[in-house]
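# Chain and residue survey
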Amino acid sequence: MTVHLKPGDRVLLENRSSEVYSGTIEYISAKSVNLNSISCHSTNTEYEGNMTFYRNEVVKIVLISDTESASTSDNMPAATEDSLVTSKKINMHPDEYARLRQVTFDFVFIDTFGTHFDNAVEVLNNRESVAVAGLGNNYVRSKPLSVLVMSDFKQVFIFDLLCLGKLSGLGEVLESDFICKVVHDGGALFDCLYHKYGVEMKNVFDTQVVDTMLSKEKDDVEIKRNISECLTYHFNFPAALLSAVLDTINDKSWCKRPLLKSDKIKSAQLVVYLLSLRDQLMKQILKKYTGAITKEYSKYKQMSDIEVLKFRKQ
């Protein structure tokens, strides 16, 4: 859906430095956009005053939430000269996007065994679904993970495995048949957990595998998207939203201690959107079934009382 951007709209803006900002439009034209109430997505830094972005700086601008007078059109022609005036909207409720973004920065970092570790394990053990990602072993099965990140819909837990040394109670969560582990391209993680830690991750939903299967069914093309590309494809997020973490996912900096706050934020970003992505993919998987149910129930709208009684007796 294409929208006309205007003052008062809340947007995500990706620049040529692969940085993503959220802000409210104060002024916009075909040549530039002026934002206020600005924050940087990767650092959560908030900026006072206004910032102006010129057309040659902007890679993508997408709408988070609009004002009531926003006009939309599904059949609007592609923008050319006014490419900063028209855009698309993210495919997620703005309140949910804002909530997940905040969850990214409210992570719990755990590098010692004790109360915080035990509480985290208890929380994760009582969830139906948990997002999981691993960092820092460069996909070598014999090397320990530097960081294991796990999240439910409300909280991100970052476990420093170089300091902890072992999984302890986390192994029970990963091996549970009753807790769905949501990963993206999780083969290397599974391999490392199995061969290095002796833990077999069970009940796994791999969003990359499912996305590839759906693309094969839809377009007869087997596409393997990374997590950033998947979020762009399914939610219309800027491509650079997770570029910082993907660019450094196997960097040696993950083995340095103490971990920088910026690295902790990057690791949280890897899992915070996974459960929403899983739900989006499940909607597509179940689309033909939900469509059949909607069609079946719609019959009741047109039936008379007598027709309903006859229908129920069939």
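On a predicted model such as this, the values are computed, not experimentally measured, just so you know.

Secondary structure summary: the protein chain contains 12 helices and 15 strands in total. Once the C-alpha set of the protein chain is aligned to its principal axes, its extents read approximately 65 × 60 × 40 Å. Expressed as a percentage of the 314 residues in the protein chain, the buried residues total 46%. When contacts within the protein chain are restricted to residue pairs at least 6 apart in sequence, long-range pairs at least 24 apart make up 62% of them. On the protein chain, roughly 16,600 Å² of surface is accessible, and the fraction owed to carbon and sulfur atoms is 50%. On the protein chain, the mean spot of the 38 positive side-chain charges and the mean spot of the 41 negative ones are 3 Å from each other.

A word on the packing of aromatic side chains. Scanning the entire structure with this criterion turns up 9 aromatic pairs. The rings of Tyr-97, Phe-235, Phe-237 and Tyr-273 are connected pair by pair, giving a single aromatic cluster. Stacked on the ring of Phe-113, the Lys or Arg Lys-166 has its end atom at 5.8 Å from the ring centre. The residue whose ring lies beneath Lys-264 is Phe-109, and the NZ or CZ to ring-centre distance is 4.0 Å.

On to unusual backbone geometry, then. Put simply, Arg-257 and Pro-258 share a cis peptide bond, and its omega is 0°. Residue Ser-37 is not a glycine yet carries a positive backbone phi of 50°. Structurally, Ser-37 is set in strand β4 (residues 32-40). Despite not being glycine, Asp-185 has its phi angle at roughly 55°, a positive value. Among the secondary structure elements, Asp-185 is positioned in the loop between β14 (180-183) and α5 (187-196).

Let's shift gears to the pairing of strand β9 (residues 86-89). Of the strand pairs in this sheet, strand β1 (residues 2-4) and β9 are connected by 3 bridges, and their pairing is antiparallel. When the bridges of β9 are listed, Thr-2 appears paired with Lys-88. Inspection of the sheet shows strand β7 (residues 58-65) paired to β9 by 2 bridges, in the parallel sense. In the sheet register, Val-62 faces β9, and the bridge partner there is Lys-88.

The next thing to look at is the environment of Leu-135. When you line up the elements, Leu-135 lands in strand β11 (residues 129-135). In this structure, the C-alpha to C-alpha distance between Leu-135 and Gly-171, residues 36 residues apart in sequence, is 17 Å. When neighbours within four sequence positions are excluded, Leu-135 is seen to be in contact with Leu-145, Ser-146, Val-147, Val-149, Val-245, Ile-249, Trp-254, Ser-267 and Leu-270.

Ordered in space as β10-β13-β12-β11-β14-β15, the 6 strands form an open sheet in which the pairing is mixed. Sheet topology places β10 (108-110) and β15 (204-206) at the edges, where each strand pairs with a single neighbour. Pairs of neighbouring strands in the sheet enclose a mean axial angle of 25°, with direction left out of account. Alignment of β11 against β14, held across 3 bridges, turns out to be parallel. From the neighbouring strand, Val-130 faces β14, where its bridge partner is Lys-181.

It is worth spelling out the nonpolar core at this point. In terms of nonpolar packing, the biggest core is built from 45 residues, with Tyr-97, Leu-135, Val-156, Phe-237 and Tyr-273 touching the most fellow members. Considering each element in turn, this core owes the most residues, 5 residues, to helix α9 (residues 261-272). With sequence-adjacent residues up to four places away left out, Val-156 is seen in contact with Val-103, Phe-107, Val-108, Val-149, Met-150, Ser-151, Ala-268, Val-271 and Val-272. Counting residues in each nonpolar core, the second largest holds 26 residues, with Leu-124, Phe-159, Ile-179 and Val-183 among its members.

As a further point, take a nonpolar patch on the surface. On the surface, a cluster of nonpolar side chains totalling about 270 Å² of accessible area is made up of Ile-285, Leu-286 and Tyr-289. Within the secondary structure layout, Leu-286 lies in the loop between α10 (274-285) and α11 (287-302). A residue is classified by how much of its surface remains accessible, and Leu-286, at 36% relative accessible area, is partly exposed.

Residues Cys-180 and Val-182 of β14 are buried on one face, and the alternating residues Lys-181 and Val-183, pointing to the opposite face, are buried as well. By the bridge criterion, 3 bridges tie β14 to β15 in an arrangement that is parallel. Along β15, the bridge assignment pairs Val-182 with Phe-205. Handedness of the β-α-β unit built from β14, α5 and β15 comes out right-handed.

Turning our eyes to something else, we now look at helix α1 (residues 94-105). The end-to-end C-alpha distance of α1, which contains 12 residues, comes to 17 Å, matching closely the 16 Å that a straight helix rising 1.5 Å per residue would cover. Listed as buried for α1 are Tyr-97, Leu-100, Arg-101, Val-103, Thr-104 and Phe-105.

The next point concerns the environment of Pro-144. Position of Pro-144 relative to the elements: it lies in the loop between β11 and β12 (147-151). Sequence separation of Pro-144 and Leu-193 is 49 residues, and the distance between their C-alpha atoms is 8.7 Å.

Rules used throughout
- Throughout this description, residue numbers start from 1 for each chain and increase along the sequence as written.
- Two thresholds apply to this predicted model, a pLDDT of at least 70 for residue-level local features and 80 or more for giving and counting side-chain atom pairs, whereas whole-chain, interface and lining totals are computed over all residues.
- Side-chain numbers here rest on the full set of heavy atoms in the structure, without hydrogens or water.
- Only DSSP runs of H or I covering at least 4 residues are called helices, and only runs of E covering at least 2 are called strands; the numbering of each starts at the N terminus.
- Under the scheme applied here, a residue whose accessible area is under 20% of the maximum for its type counts as buried, over 50% as exposed, and between as partly exposed, the area being computed with a 1.4 Å probe on protein chains only.
- Pairs of residues are marked as contacts when any of their non-hydrogen atoms sit within 4.5 Å.
- Only the protein chains shown count as cover for residues, with accessible areas throughout obtained via the Shrake-Rupley method and a probe of 1.4 Å.
- By the counting scheme adopted, Arg and Lys are positive, Glu and Asp are negative, and His together with the chain ends is not counted.
- One atom stands in for each charge, and that atom is NZ of Lys, CZ of Arg, CG of Asp or CD of Glu.
- What counts as a ring pair is set by centres within 6.5 Å for rings of Phe, Tyr and Trp (its six-membered ring), and what kind of pair is set by the plane angle: stacked under 30 degrees, edge-to-face over 60, tilted for all other angles.
- Placement of a charge over a ring requires the Lys NZ or Arg CZ to be within 6 Å of the ring centre, with the centre-to-atom vector within 35 degrees of the ring normal.
- By the convention used here, strands pair only if DSSP detects at least 2 bridges between them.
- Angular values range over 0 to 180 degrees, each being the angle between N-to-C directions of two axes fitted as lines to C-alpha atoms, with helices fitted over their stretch in contact.
- In this description, a nonpolar core means a group of buried Ala, Val, Leu, Ile, Met, Phe, Trp, Tyr and Cys residues linked to one another through side-chain atoms lying within 4.5 Å.
- Residues enter patches when they are more than 30% accessible in relative terms and free of salt bridges; like-charged ones are connected within 9 Å and nonpolar ones (Val, Leu, Ile, Met, Phe, Trp, Tyr) within 5 Å.
- A carboxyl oxygen of Asp or Glu within 4 Å of a side-chain nitrogen of Lys or Arg is what we treat as a salt bridge.
- Place the viewer so that the strands point away; then a crossover is right-handed whenever the path from the first strand over the helix to the second strand goes clockwise.
- Here the expected length of a helix is defined as 1.5 Å per residue gap, with one fewer gap than residues.

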